[in-house]
Amino acid sequence: MAYWKHESAIVDAGAELGEGTKVWHFAHISPGARIGDRCALGQGVYVGNDVLIGDNVRIQNNVSVYDAVTLEDDVFCGPSMVFTNVYNPRAAVARKNEYRRTLIRRGATLGANCTVVCGNTVGRYAFVGAGAVVQRDVPDFALVVGVPARRIGWMSRFGERLDLPMQGEAEATCPHTGDRYRLQGELCELIEEGKNK
């Protein structure tokens, strides 16, 4: 077995887990789940059938990754954060054919107790603050907080706030890595990788 699981965890037959992945206490992985290499799934994590999880993903305690959610490589899901997959749920109305897909792009951080409403994309290396509620797409490298989540700045791949205005034309360098970023309008992009890795 290429992955490790605690004796209290349940990994259903048919689930695919990559090399070096660890599944901790009382987690449950459904049979259709596909999970990459070197992931860590904390205590009480649930992963649904129609879920794709990339490599090196960290899912902290008490997170349920429901059907129609994709987490790309290097995503961090903070403790007790929430995904949804039905926009207007009712107990008496079956809506499994109405699931809205959610995409969390590479390197994004979803802070503790935040909620990502289904049908949205969180961009590459974006940072969703603790307790925020994401109701629309989040751009690459954006820092969003609040209810509903609103952009208050920009973050580097290293996870540090960049010295950039909210919008306009500007450049900034991450002091930890030397990565250079350019803001054009309301979009931020990595334009040069640093040498301080």
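Residues numbered from 1 in each chain as written. Predicted model: local features only at pLDDT ≥ 70, side-chain atom pairs only at ≥ 80, totals over all residues. Heavy atoms only, no water.

Peer 1: Can you break down the side chain of N120 residue by residue, with the values?
Peer 2: Structurally, the position occupied by N120 is in the loop between β17 (115–116) and β18 (121–122). You can call N120 buried: its relative accessible area is 8%. Those residues in contact with N120 that lie beyond four places of it in its chain are R101, T102, L103, V134, Q135, R136 and D137. (Helix = DSSP H or I, 4+ residues; strand = E, 2+ residues; numbered from the N terminus. Buried < 20%, exposed > 50% of the residue type's maximum accessible area, 1.4 Å probe, protein only. Contact = heavy atoms within 4.5 Å.)

Peer 1: Before we move on, could you go through the nonpolar core and cite the residues and values that matter?
Peer 2: Counting residues in hydrophobic clusters, the biggest one holds 50 residues, and the most contacted among them are I29, I59, L71, F83 and L110. Among the secondary structure elements, those contributing two or more residues to this core are β9 (51–53), β12 (69–71), β21 (142–145) and β24 (180–185). The contacts of L110, once residues within four sequence positions are left out, are F76, C77, G78, M81, F83, I104, V116, V122 and V128. (Core = buried A, V, L, I, M, F, W, Y, C linked by side-chain atoms within 4.5 Å.)

Peer 1: Talk me through the sheet that holds strand β19 (residues 127–128); I want residue IDs and the actual numbers.
Peer 2: Read across the sheet, 9 strands follow the order β1-β4-β7-β10-β13-β16-β19-β21-β22 without closing on themselves; strand pairing throughout is mixed. Both edges of this open sheet fall to β1 (4–5) and β22 (150–154), since each of them pairs with a single strand only. Across 2 bridges, strand β4 (residues 22–23) lies against strand β7 (residues 40–41) in parallel orientation. Pairing of V23 across the sheet is with L41, part of β7. (Pairing = 2+ DSSP bridges.)

Peer 1: Run through the pattern of salt bridges, naming residues and quoting values.
Peer 2: Per the counting criterion, the structure on display carries 11 salt bridges. The shortest N-O distance in the salt bridge between R157 and E193 comes to 3.7 Å. Residue R157 is found in the loop between β22 and β23 (168–173), and its partner E193 is found in the segment after β25 (187–192); the two are separated by 36 residues along the sequence. For R157, a relative accessible area of 25% gives the class partly exposed. The structure contains a network of salt bridges with shared partners spanning E171, R180, R182 and E192. (Salt bridge = Lys/Arg side-chain N within 4 Å of Asp/Glu carboxyl O.)

Peer 1: Can you break down the side chain of R151 residue by residue, with the values?
Peer 2: Counting through the fold element by element, R151 comes out in strand β22. Looking at R151, its side chain comes within polar contact range of the main-chain oxygen of M166, at 2.6 Å. Within the structure, R151 has its side chain in polar contact with the side chain of E186 (distance 3.0 Å). When residues no more than four places from it in sequence are discounted, the contact partners of R151 are A142, L143, V144, M166 and E186. (Polar contact = N/O pair within 3.5 Å; in protein donor to acceptor, adjacent residues only side chain to side chain.)

Peer 1: Summarise the sheet that holds β23; cite the residues concerned and give the values.
Peer 2: Pairing is antiparallel in the open sheet, where 3 strands are placed in the order β23-β24-β25. Here the strands that pair on one side only, and so sit at the sheet edges, are β23 and β25. The mean angle between the axes of side-by-side strands here comes to 20 degrees, regardless of whether they run parallel or antiparallel. Of the pairings in the sheet, the one linking β24 to β25 comprises 5 bridges and is antiparallel in character. By the bridge assignment, Y181 is partnered in β25 with L190. (Axes fitted to C-alpha atoms, helices over the stretch in contact; angles between N-to-C directions.)

Peer 1: A description of unusual backbone geometry should follow, citing residues and the corresponding values.
Peer 2: For the bond running from V147 to P148, omega is -5 degrees, close enough to zero to count as cis. When you line up the elements, P148 lands in the loop between β21 and β22. Phi at F26 is positive, roughly 60 degrees, even though this residue is not glycine. Residue position: F26 is located in the loop between β4 and β5 (28–29). Even without a glycine there, the phi angle at R38 is positive, about 55 degrees. For R38, a relative accessible area of 45% gives the class partly exposed.

Peer 1: Got a sec to walk through the environment of C188? Specific residues and values, please.
Peer 2: Tracing the sequence through the fold places C188 in strand β25. Sequence separation of C188 and I59 is 129 residues, and the distance between their C-alpha atoms is 26 Å.

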